[in-house]
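Fold and geometry: a report
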Amino acid sequence: MKFERLTSSGHPMYPRALEGYHNSFPLHEQRESVSQEKILADPEYHFNLIYENDTFVGALLCWDAGHFIYIEHLFILPEMRNQHYGEKALELLKRQSGKSILLEIDPPVDEVSKRRQAFYERCGFMKNPYPHVHPPYHLGNLGHDLVVLSCPDLLASAEYHRFAQYLGDHVMAAAYEQTTD
């Protein structure tokens, strides 16, 4: 397994990856297209295509905040699911980064969200106790409650607050400033 980082929307795989992104997440959890294109040049943002040998299987979109990696989106193409590619991609990210990894999931209230939490727990992630609202990706929308997971350890309060500040000041600021140009 390997990652290929995209830094331009001109990459030949960008349309296919974007289609997978749009098919994998509800609209309120997606960046506006212009925002997604513009942040590709941000040195902290990694739009990683996931390949098994030469086969495109999904993408891992994350931010390298220096002290930690924040996974904003991870998807495996529907036809490639249930073949452990998500686990392999997370393991590769852990090995390559050597940093704490954070991500957010929906609260585990139905079968799909419970299975998602169980998947991440099998991959070594732990549920943090901090109440967390992800800011909206689209102006006019409200934020939504999510659960913060981290690996390899739970976050201390100061670490969680550093993440929440980075999310608001950098990740989401990029979403808003890019759509108002």
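So, here is what we can say about the structure in this document. (Residues numbered from 1 in each chain as written. Predicted model: local features only at pLDDT ≥ 70, side-chain atom pairs only at ≥ 80, totals over all residues. Heavy atoms only, no water.)

1. Thoughts on the pattern of salt bridges
Pairs can form between side chains of opposite charge whenever their charged atoms are close. Applying the stated rule across the entire model yields 4 salt bridges. Put simply, arginine 31 and glutamate 72 hold a salt bridge, and the shortest N to O gap is 3.2 Å. Placement of the pair is arginine 31 in the loop between α1 (14-24) and α2 (33-39) and glutamate 72 in strand β4 (residues 68-76), with a sequence separation of 41 residues. No difference in accessibility class separates arginine 31 from glutamate 72, as the two residues are buried. (Salt bridge = Lys/Arg side-chain N within 4 Å of Asp/Glu carboxyl O. Helix = DSSP H or I, 4+ residues; strand = E, 2+ residues; numbered from the N terminus. Buried < 20%, exposed > 50% of the residue type's maximum accessible area, 1.4 Å probe, protein only.)

2. Considering the side chain of glutamine 30
Counting through the fold element by element, glutamine 30 comes out in the loop between α1 and α2. For glutamine 30, a relative accessible area of 5% translates into the label buried. Those residues in contact with glutamine 30, other than ones at most four positions away along the chain, are Tyr21, His22, Phe25, Tyr137 and His138. (Contact = heavy atoms within 4.5 Å.)

3. With respect to the packing of aromatic side chains
Inspection of every chain in the model, using the stated rule, returns 11 aromatic pairs. When the ring of tyrosine 45 is compared with that of tryptophan 63, the centres are 4.8 Å apart and the planes differ by 50°; the resulting orientation is tilted. Taken together, the positions of tyrosine 45 in strand β2 (residues 45-52) and tryptophan 63 in strand β3 (residues 55-64) put the pair 18 residues apart, joining distant regions of the chain. Plain terms: the ring middles of phenylalanine 68 and phenylalanine 163 are 6.1 Å apart, the flat faces sit at 75° to each other, and that makes the pair edge-to-face. One end of the pair, phenylalanine 68, is in strand β4; the other, phenylalanine 163, is in helix α5 (residues 157-179), with 95 residues separating them in the sequence. Here phenylalanine 68 falls in the buried class, since its relative accessible area comes to 7%. (Phe/Tyr/Trp six-rings, centres within 6.5 Å; stacked < 30°, edge-to-face > 60°.)

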